[in-house]
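Residues per chain, in single letters:
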Amino acid sequence: RILFSGDSHMRVHFNAVLKEACNITSAAQKGFHTSQCHLLPAESPCPHATLCLDHNMLGWMDASLNVGQWDVIVANVGQHAAAGAEHWPVGEYGRHVSAFLSALKLQMKAQTVSPTRLIWFATPAMVVVRDEVVRGSLDWRTNP
């Protein structure tokens, strides 16, 4: 039971795990701003695994997130916080990440059996594209 929680960067990782590790090409997440789950079949290289994507663009700690239902949570936010209408300064981003991780930590510490593991999936610092659209939009998602 693995929860991938994050923005479009996480969605790409979720799709890669489904396709490359579990050989489930038809289930790839194609939509934006949506969440989904897959219970993988016994014949999959990831038999009976439950893989879910939680669309979480800005690191909100949703009250409905029950940490105890997951063996592993893979989390990342950062792309949308830096881009578009948000354009958060590093300090604001840090406060959101700190609040998100603190809330997760409280729930994880309260677990009495089979503790959930957290993997923080880093945002790449390298520029993905360097075209005029990125420069003109003041996209802050990557280093210049």
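Residues numbered from 1 in each chain as written. Predicted model: local features only at pLDDT ≥ 70, side-chain atom pairs only at ≥ 80, totals over all residues. Heavy atoms only, no water.

Engineer: How should I be thinking about the pairing of strand β2 (residues 36-39) in this particular structure?
Structural biologist: Note on strand geometry: in a regular strand, side chains alternate between the two faces of the sheet. Alternating residues of β2 divide into Gln36 and His38, all buried, and Cys37 and Leu39, none buried. As defined by bridge partners, β2 adjoins strand β3 (residues 50-55) across four bridges and the pair is classed as antiparallel. Its bridge partner being in β3, leucine 39 is matched across the sheet by threonine 50. (Buried < 20%, exposed > 50% of the residue type's maximum accessible area, 1.4 Å probe, protein only. Helix = DSSP H or I, 4+ residues; strand = E, 2+ residues; numbered from the N terminus. Pairing = 2+ DSSP bridges.)

Engineer: How do you make sense of the environment of histidine 13 when you look at a structure like this?
Structural biologist: Positionally, histidine 13 belongs in helix α1 (residues 8-21). When its relative accessible area of 24% is taken as the criterion, histidine 13 is described as partly exposed. Each C-alpha atom of the pair histidine 13 and phenylalanine 121 lies 9.3 Å from the other, and the pair is 108 residues apart in sequence. Among all residues touching histidine 13, those that are not within four sequence positions of it are Phe4, Val74 and Phe121. (Contact = heavy atoms within 4.5 Å.)

Engineer: Explain the confidence of the model for the chain here, please?
Structural biologist: Detailed reading of the predicted coordinates is not advisable wherever pLDDT is low. In this model, the chain carries a mean pLDDT of 76, and residues with pLDDT of at least 70 account for 70%. Per-element confidence in the chain ranges from a low mean pLDDT of 64 for helix α4 (residues 132-137) to a high of 87 for strand β4 (residues 72-76). (pLDDT = per-residue confidence, 0-100.)

Engineer: I keep staring at the pattern of salt bridges and nothing clicks. Help me out?
Structural biologist: Side chains carrying opposite charge are able to pair once their charged atoms draw close together. Tallying each qualifying case throughout the model produces two salt bridges. Residue aspartate 71 is joined to arginine 1 by a salt bridge in which the shortest nitrogen-to-oxygen separation is 2.9 Å. One end of the pair, aspartate 71, is in the loop between β3 and β4; the other, arginine 1, is in the segment before β1 (2-6), and 70 residues separate them in sequence. Glutamate 20 is the salt-bridge partner of lysine 19, the closest N and O atoms lying 4.0 Å from each other. Lysine 19 sits in the partly exposed class, given a relative accessible area of 46%. (Salt bridge = Lys/Arg side-chain N within 4 Å of Asp/Glu carboxyl O.)

Engineer: For this particular structure, what's the right way to read α1?
Structural biologist: Helical geometry note: an α-helix holds 3.6 residues per turn, so side chains three or four residues apart project in the same direction. Relative to the 20 Å expected for 14 residues at 1.5 Å per residue, α1 spans 19 Å between its end C-alpha atoms, a close match to the ideal helical length. Along α1, the positions that sit buried rather than exposed are Ser8, His9, Met10, Arg11, Phe14, Asn15 and Leu18. (Expected span 1.5 Å × (residues − 1).)

Engineer: Before we go on, may I ask you to explain the pairing of β3 in this structure?
Structural biologist: As paired strands, β1 and β3 are joined by five bridges and run parallel to one another. Opposite glycine 6, over in β3, you have histidine 55 as the bridge partner.

Engineer: Could you clarify how one ought to interpret the sheet that holds strand β5 (residues 117-120) in this entry?
Structural biologist: Whether parallel or antiparallel, the strands of a sheet pair through hydrogen bonds between backbone atoms. An order of β2-β3-β1-β4-β5 is seen for the five strands of this open sheet, with the pairing classed as mixed. Looking at which strands have only one partner, the edges of the open sheet turn out to be β2 and β5. Across the sheet, the mean angle from the axis of one strand to that of its neighbour is 15°, orientation sign disregarded. Of the pairings in the sheet, the one linking β4 to β5 comprises four bridges and is parallel in character. Within β5, the position partnered with alanine 75 by the bridge is tryptophan 120. The sheet strands contacting α1 are β1, β2, β3 and β4, and the helix crosses β3 at an angle near 165°. (Axes fitted to C-alpha atoms, helices over the stretch in contact; angles between N-to-C directions.)

Engineer: Explain the state of the cysteines to me, please; I cannot follow it from the model alone.
Structural biologist: Disulfide: a covalent bond formed between the sulfur atoms of two cysteine residues. Throughout the structure, instances matching the rule amount to one disulfide. Between cysteine 22 and cysteine 46 runs a disulfide, and the two sulfur atoms are separated by 2.1 Å. Judged by the sign of its S-S torsion, about -90°, the cystine formed by cysteine 22 and cysteine 46 is left-handed. Placement of cysteine 22 in the loop between α1 and β2 and of cysteine 46 in the loop between β2 and β3 is noted, with a sequence separation of 24 residues between them. A relative accessible area of 17% places cysteine 46 in the buried class. (Disulfide = S-S within 2.5 Å.)

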